[in-house]
Amino acid sequence: MTDVRSPQAGNGAAAPGVAEEPADVAGETIAGVADETETPRPGGFGAVAWARWAWRQLTSMRIALVLLFLLALGSVPGSLLPQQGIDPAGVQQYFTAHPALAPFLNALGLFNVFAAPWFAAIYLLLFVSLAGCVLPRSFRLARTARARPPQAPRHLSRLPNSVRYETAMTTEEASAAAAAFLTRRHFRLSQGEGWLSAEKGYRREAGNLLFHVALMGVLVSIGLGGLFGYKADRLLVEGTSFADTVTDLDAYHPGHLVSPNDLAPFSLTLDKFSASYVASGPDRNQPESFNAHVSYTAQPGDAARTYDIQVNHPLNVDAVKVYLLGHGYAPVFRVTDGQGKVVYDQATPFLPADQSTYLSEGVVKAPDAKPQQLGFAGVFLPTAVDVSGQLESAFPAPYLPAVSMIPYVGNLGLNNGVPQSVYQLNTTGMHRLATPVQVLTPGQSMKLPGGAGTLTFTGYRQWVSLQVTYDPGQVPALISGIAALAGLVLSFLVRRRRIFVRTYRGDSGRTVVDVAGLARSDVGGGFEAEFGELAAGLKSVHDHDSSPRSEETE
Amino acid sequence: MSDNLGLAQLSDHLLIVAVVVYSLAMLAYAGDFAYGRRVKAAGAAGKAARPVPELAGVGASGGAATPGTPEGPEQPTAAVPPAATADSAPGDAGRLGPLIRGAIALTYLGLAAHVAGVITRGLAVHRVPWGDMYEFITALTCVTVIFFVALMMRYRAWHLGVFVMGAVVVALGLAQTIIYTPAGPLVPALKSYWLAIHVAAMTLSVGIFFVAAVLGVVYLFAERYSRRAAAGLSPANHGIMRRLPSAVELDRLTYRTVVFGFPIWTFGIIAGAIWADQAWGRYWGWDPVETWAFITWVIYACFLHARATAGWRGRRAAYIQLIAFGCLLFNVLVVQTFLTGLHSYAGLG
Ligand code: HEM
């Protein structure tokens, strides 16, 4: 307990190269970082001197502040402009709407901000700065964890919190009593002739470091996901299946180090999709619930299991997750060509054009039709109503399903090498057949003029769009996040504080006790109260433990 | 799910009562500024020297961090005997004038109606009452007032009430007019217990940051005033300023408020990421709302760093804090309602 260190050693170990007194004593600064004085620019040509100067700049609080600002500023365009990764269609639209401006913005990477080199430069610099700032502090903390507090300042009454009182004890007795009192309260002590320093609250610094280190952990976790994760979409009609293979997925975005063999070997069938909607009132048409009932096998040969994928309720197969992103209708059409042959008979996914009524649009392409290829473009209406001659959908659920299709004949243009969307008809090589607008309900057909063929609307199914993701960085990111939060709370709750006691003989011959306190960090406030309580405690110790000898002197 | 229309209506009425009572409270606080001087004359001398005893004690310990004079020489800090701090603590309500006591009573009354309004809304829709923008704002302003009252019970700077009430009345008024959404069910994306967790954390932290922003603005006025007073440009003992905590105290109070809100906000972002992972298949995707939450978080972190950086504390830090709150408001009022994104937080009704 009375492990007395020379004040110099104690001070040096606590914070090498840092002016501990008097400036630090008066304020609540963090040793080494907070109030660093400007490093003078090196005068000569020494590369080492310059490098050291640059490093000190980079790891200074000021630069950290600037980089943080830049990071925030750099994110702004990412939210105001459409981003390639999130909204590629929006980027296309932007290019069409602003043909002059868009290429310029694109060159700056503003359509893919969070993958842009300059954005990476900001956060990498920030994290170098963070490492350069935090790692040395960690080492220092590891050393101070065993070090003793520095010598008490000479004039305690100059400190922000101090009291002075007299006691009947001798100076030695008073010192010993104070030491015992503070040790009982888990302060770490160092003592010398007539003085005593006590410190507590090292966990604050530890919390701060934990927080910053955990931030690096978050970044590393995100990197892990980018390297080893993958993400894909798949549109699946009721009654059909897909396997988690590169060829079977619609939009496949692998991480940099993912090979096709790494994909989880599951396969999945959509058995049934159901949705319910608010039927009346101001929120009419608003969806209430979606449910995709699927069966899946985790490995080829495994027994099939079933699951209900819902919003907020993904399917998890061996850490790969399958999410329900959207849904729609796939009317089933049968096309008979001019020679009486069935050239098309399948469910055809239509895309919702109106999210509230699920009026959906789509096309049918029958390239095998003879004598000429056939194409149809039109709409599907889940609840078809006639609003003053205009065909509309009144409700998103399929109460009165109907389609209305416009027929084309000619060349679909599928063989000219240009990839086509399955949701759009390229009518440049086709001409529209003159038919009156017809509304078909399930089972009804329309005959094409000139014996070109027949289109039958046989019924409908529903489709879902699923997202398949695998992200190995998820759990590390969560752990880092929680660690960061814990560090933050720790550093905000714990205050690092010192208590100094000096005992000496006063002019009256009695022992005078000076007690002073100093919060090196008092974010949460309340150190005054704690100091008051400690000082009162010390005083009562010094009043009570009066030995008989000191009473004689009275 | 059938919504209880009677309760929903009761909630609307209670919240209107809350706005009206808060407005009266604000008038009373303002009236105290304007006319309350003589009533308090007796206590004024003591108060001028140390309007908020506990705060003053705290301020003294931060000698080095005198925001009023960012780079100036250190203030000579007189030894404050702890006993004195303890004795003169809570400026007892007995010393407050009748107007301000009325204002405090109205604050409590308004708060009661406000809390009841939020609770009845929740009962009416059978879920947590923060499922759309209107509910979010009514809930967060409720947090603001509760936090303010708690702060004032501890620090006795009730005169700040005029600013807090003003801001709350504006926010609640906006919520009840252009943002108002009738009680209704949730879209499927919001049906998750993460709504309760994530949005609760956001509501709490935004409510607290709201108080910090108001304090920050008052600080800037107080700081400007103290600089002008030091330069002899303003009377040294202006009536209004005398009743407010000093710039140093305001600065510390602001800082503590942010420090209180920041971990909650951080938690809210983490909870949001977990929810996003469940709902959309990724924990972070730079959706506009996420991006702005990130920006806000980074700027609050800037504020915390600025407080620890020589030359940045004080006024500059205060501006950073206000920028951070500006980003928060932008996110809530503009991004969530006008920019397309995944957040299906029902916008303007
Ligand atoms: C990714 C960027 C960073 C973020 C988001 C961040 C965030 C934070 C937050 C929220 C705090 C307050 C929590 C506490 O006091 O423990 C803090 C404190 C601190 N940070 Fe950072 N930080 C970042 C980078 C840095 C860098 C690069 C440095 C070094 C130059 C640094 C040095 C410090 C120091 C010394 C404190 C303590 C200040 C005080 O006690 O008031 N930080 N940081």
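All residue numbers here refer to positions counted from 1 along the written sequence of the relevant chain. Naming scheme: in the order in which they are written, chains are lettered from A and ligands are numbered from 1. Predicted model: local features are reported for residues with pLDDT of at least 70 only, side-chain atom pairs are reported and counted for 80 or more only, and whole-chain, interface and lining totals are derived from all residues. Only hydrogens and water are set aside; all other atoms, that is, all heavy atoms of the structure, feed into the side-chain values.

Student: What exactly am I supposed to notice about the overall build of chain A here?
Tutor: Here a helix means four or more residues in a row that DSSP labels H or I, a strand means two or more in a row labelled E, and each is numbered from the N terminus. The helix and strand inventory of chain A stands at 12 helices and 23 strands. Note on definitions: a residue-residue contact is assigned when non-hydrogen atoms from the two residues lie within 4.5 Å. Considering only intrachain contacts with a sequence separation of at least 6, the fraction spanning at least 24 residues in chain A is 63%.

Student: Looking at this model, I keep getting lost on the pattern of salt bridges. Mind explaining?
Tutor: Pairing is possible between side chains that carry opposite charge, provided their charged atoms lie close to one another. All names here are of chain B. By definition, a salt bridge exists where a carboxyl oxygen of Asp or Glu is found within 4 Å of a side-chain nitrogen of Lys or Arg. Going through the model one piece at a time under the given rule, you end up with 17 salt bridges over all chains. Notably, a salt bridge pairs Arg 307 with Asp 251, separated by 2.5 Å at the nearest N-O pair. In this pair, Arg 307 sits in helix α11 (residues 288-307) while Asp 251 sits in helix α10 (residues 247-280), placing the two residues 56 residues apart along the sequence. The residues Arg 307 and Asp 251 share a single accessibility class, namely buried. For Glu 290, the salt bridge goes to Arg 282, with nearest N and O atoms at 3.0 Å. Judged on exposure class, the residue Glu 290 and its partner Arg 282 are both buried. The network of salt bridges with shared partners includes Arg 121, Arg 127, Asp 132 and Glu 135. Exposure categories follow from relative accessible area, calculated using a 1.4 Å probe and restricted to protein chains: below 20% of the type maximum is buried, above 50% is exposed, and the middle band is partly exposed.

Student: Is there a simple way to think about the site of the ligand in this case?
Tutor: The local shell around the ligand holds 28 residues, among which Cys 133, Arg 204, His 212 and Ser 491 of chain A together with His 305 of chain B are the closest. Near, as used in this document, describes a residue that has one of its heavy atoms within 4 Å of the molecule or strand being considered. Residues within reach of the ligand are spread across chains A and B. Between the ligand and the protein, one listed contact pairs an oxygen atom with a side-chain N or O atom of Asn 208 of chain A at 3.4 Å. Pairing of N or O atoms within 3.5 Å defines a polar contact, subject to two protein rules: one partner must be a possible hydrogen donor and the other a possible acceptor, and residues neighboring in sequence count only if both atoms are side-chain atoms. Ser 491 of chain A is positioned with one of its side-chain polar atoms (N or O) 2.5 Å from an oxygen atom of the ligand. For the shell around the ligand, the secondary-structure elements that each account for two or more residues are α4 (61-80), α7 (117-144), α9 (203-228) and α10 (474-493) of chain A together with α10 and α11 of chain B. If you tally residues by element for the shell around the ligand, the top one is α7 of chain A, at six residues. Here the shell around the ligand is built from residues that sort into 19 nonpolar, seven polar and two charged. The nonpolar class holds Ala, Val, Leu, Ile, Met, Phe, Trp, Tyr, Cys and Pro. Asp, Glu, Lys and Arg form the charged class, and all remaining residues, Gly among them, are polar.

Student: I would appreciate a short explanation of the coordination of the iron atom of the ligand in the present structure.
Tutor: Any two of four tetrahedral donors ideally make an angle of 109.5 degrees at the metal, while pairs among six octahedral donors ideally make 90 or 180 degrees. Coordinating donors are taken to be N, O and S atoms lying within 2.8 Å of the metal, or within 3.2 Å when the metal is Na, K or Ca; because water is excluded from the atom set, some sites may appear incomplete. Within the protein, the atoms that donate to the iron atom of the ligand are His 212 of chain A (NE2) and His 305 of chain B (NE2), at distances of 1.8 to 1.9 Å. A site with four donors is called tetrahedral when every donor-metal-donor angle falls between 85 and 135 degrees; four donors are called square planar, and six octahedral, when opposite donors sit more than 155 degrees apart and all other angles fall between 65 and 115; any other arrangement is irregular. Coordination at the iron atom of the ligand comes from six donor atoms whose angles at the metal span 78 to 178 degrees, giving a geometry best classed as octahedral. With His 212 of chain A in helix α9 and His 305 of chain B in helix α11, this pair bridges two chains. With respect to burial, His 212 of chain A and His 305 of chain B carry one shared label: buried.

Student: Just to check I follow, could you spell out unusual backbone geometry for this structure?
Tutor: Where the residue is not glycine, phi is negative for most of them; where a peptide bond is considered, it is trans in most cases. With an omega of 0 degrees, the peptide bond running from Lys 370 of chain A to Pro 371 of chain A counts as cis. Backbone geometry places Asp 318 of chain A, a non-glycine residue, at a positive phi of 50 degrees. A positive phi angle, near 55 degrees, is found at Trp 286 of chain B, a position not held by glycine. The topology assignment puts Trp 286 of chain B in the loop between α10 and α11.

Student: Honestly, the domain arrangement of chain B in this entry has me stumped. Any pointers?
Tutor: Residue and element names in this part refer to chain B. Residue ranges assigned to the domains are those given by an automatic or database domain assignment. Assigned domains of chain B: these are domain 1 (1-38 + 51-55 + 90-186) and domain 2 (189-349). Computed with a 1.4 Å rolling probe, the buried area is the accessible surface lost when two parts are put together, summed over both parts. For the pairing of domain 1 and domain 2, the buried interface totals around 3,300 Å² over both sides, and the portion due to carbon and sulfur atoms is 80%. Counting across the interface, domain 1 meets domain 2 through zero salt bridges. Connecting domain 1 to domain 2 are three residue pairs in polar contact (both at pLDDT 80 or more). Of all the secondary structure elements, the ones that give two or more residues to the side of domain 1 that touches domain 2 are α1 (5-35), α6 (133-155) and α7 (161-176). For the side of domain 1 that touches domain 2, the leading source of residues is α6, giving 12 residues. Of the residues belonging to the side of domain 1 that touches domain 2, the class tally is 27 nonpolar, six polar and three charged.

Student: How should α11 of chain B be read in this particular structure?
Tutor: Helical geometry: 3.6 residues make up each α-helical turn, so side chains three or four residues apart lie on a common side. If you check α11 of chain B, its first and last C-alpha atoms are 29 Å apart, about what 20 residues at 1.5 Å a residue would give, namely 28 Å. Burial analysis of α11 of chain B places 20 of its 20 residues in the buried class, which makes it a mostly covered element. Every helix has an expected span of 1.5 Å times one less than the residues it contains.

Student: What is the right way to look at the environment of Trp 292 of chain B in this model?
Tutor: You can see Trp 292 of chain B is positioned in helix α11. By relative accessible area, Trp 292 of chain B is classed as buried at 7%. Expressed as a C-alpha distance, the spacing of Trp 292 of chain B and Asn 331 of chain B, which sit 39 residues apart in the sequence, is 5.9 Å. Discounting residues that sit within four places of it in the chain, Trp 292 of chain B has contacts with Val 76 and Ser 79 of chain A together with Cys 327, Phe 330, Asn 331 and Val 335 of chain B.

Student: I would appreciate a short explanation of the domain arrangement of chain A in the present structure.
Tutor: Interface size is often expressed as the accessible area that is lost when the parts come together. Under the domain assignment used here, chain A contains domain 1 (1-21 + 150-201 + 495-554), domain 2 (29-148), domain 3 (226-325 + 467-484) and domain 4 (328-460). In this structure, domain 2 of chain A and domain 3 of chain A have C-alpha centres spaced 35 Å apart.

Student: Honestly, the packing of aromatic side chains in this entry has me stumped. Any pointers?
Tutor: Any aromatic ring pair is given by two values, namely how distant the centres are and how the planes are angled relative to each other. Ring pairs are drawn from Phe, Tyr and Trp, using the six-membered ring of Trp, whenever the two centres fall within 6.5 Å, and their geometry is named by plane angle: stacked under 30 degrees, edge-to-face over 60, tilted for the rest. One pass over the structure, following the stated rule, counts 36 aromatic pairs over all chains. Considering the side-chain rings of Tyr 329 of chain A and Tyr 460 of chain A, the 6.1 Å spacing of their centres and the 70 degrees angle between planes classify their relative orientation as edge-to-face. Note that Tyr 329 of chain A is positioned in strand β11 (residues 320-337) and Tyr 460 of chain A in strand β21 (residues 453-470), a separation of 131 residues in sequence. For Tyr 329 of chain A, a relative accessible area of 1% puts it in the buried group. Each ring, one from Phe 380 of chain A and one from Tyr 460 of chain A, has its centre 6.0 Å from the other, and the planes form 50 degrees; the classification is tilted. Placement of Phe 380 of chain A in strand β15 (residues 373-381) and of Tyr 460 of chain A in strand β21 is noted, with a sequence separation of 80 residues between them. Take Tyr 460 of chain A: its relative accessible area is 30%, and that puts it in the partly exposed class. Feature note: the residues Phe 114, Trp 118, Phe 119 and Tyr 123 of chain A together with Trp 284, Trp 286 and Phe 294 of chain B constitute an aromatic cluster, connected by ring pairs. Charge-over-ring placement is defined geometrically: NZ (Lys) or CZ (Arg) within 6 Å of the ring centre, and within 35 degrees of the ring normal. Across from the ring centre of Tyr 165 of chain A, 5.6 Å away, lies the NZ or CZ of Lys 539 of chain A, which sits over that ring. Here the basic side chain of Arg 307 of chain B rests over the ring of Tyr 255 of chain B, its NZ or CZ set 4.1 Å away from the ring centre.

Student: Sorry, what's going on with the confidence of the model for chain A here?
Tutor: A low pLDDT means the predicted coordinates there should not be read in detail. Residue and element names in this part refer to chain A. As a per-residue measure, pLDDT tells how confident the predictor is, with possible values from 0 to 100. Per-chain confidence: chain A averages 82 in pLDDT, with 89% of residues scoring 70 or above. Note that residues 1-38 has pLDDT below 50 and, in this model, 76 contacts with residues that lie over four places away or in other chains. Predicted confidence is poor over residues 546-554, with pLDDT under 50, and the contacts of this stretch with residues over four places away or in other chains come to nine contacts.

Student: Would you mind showing me how to read the pairing of strand β3 (residues 195-200) of chain A here?
Tutor: On a regular strand, one side chain projects to one face of the sheet and the next to the other, so that they alternate. Residue and element names in this part refer to chain A. Of all the six residues making up β3, five are buried; the element is thus mostly covered by neighbouring parts of the structure. As paired strands, strand β2 (residues 188-192) and β3 are joined by five bridges and run antiparallel to one another. From the neighbouring strand, Ser 190 faces β3, where its bridge partner is Ser 197. Linking β2 back to β3 in an antiparallel pair, the connection comprises two residues, with Gly 194 at a positive phi of about 75 degrees. Relative to strand β22 (residues 496-505), β3 is paired through six bridges, and the arrangement is antiparallel. Looking at β22, one finds that Ser 197 is bridged to Phe 500. For two strands to count as paired, DSSP must find a minimum of two bridges between them.

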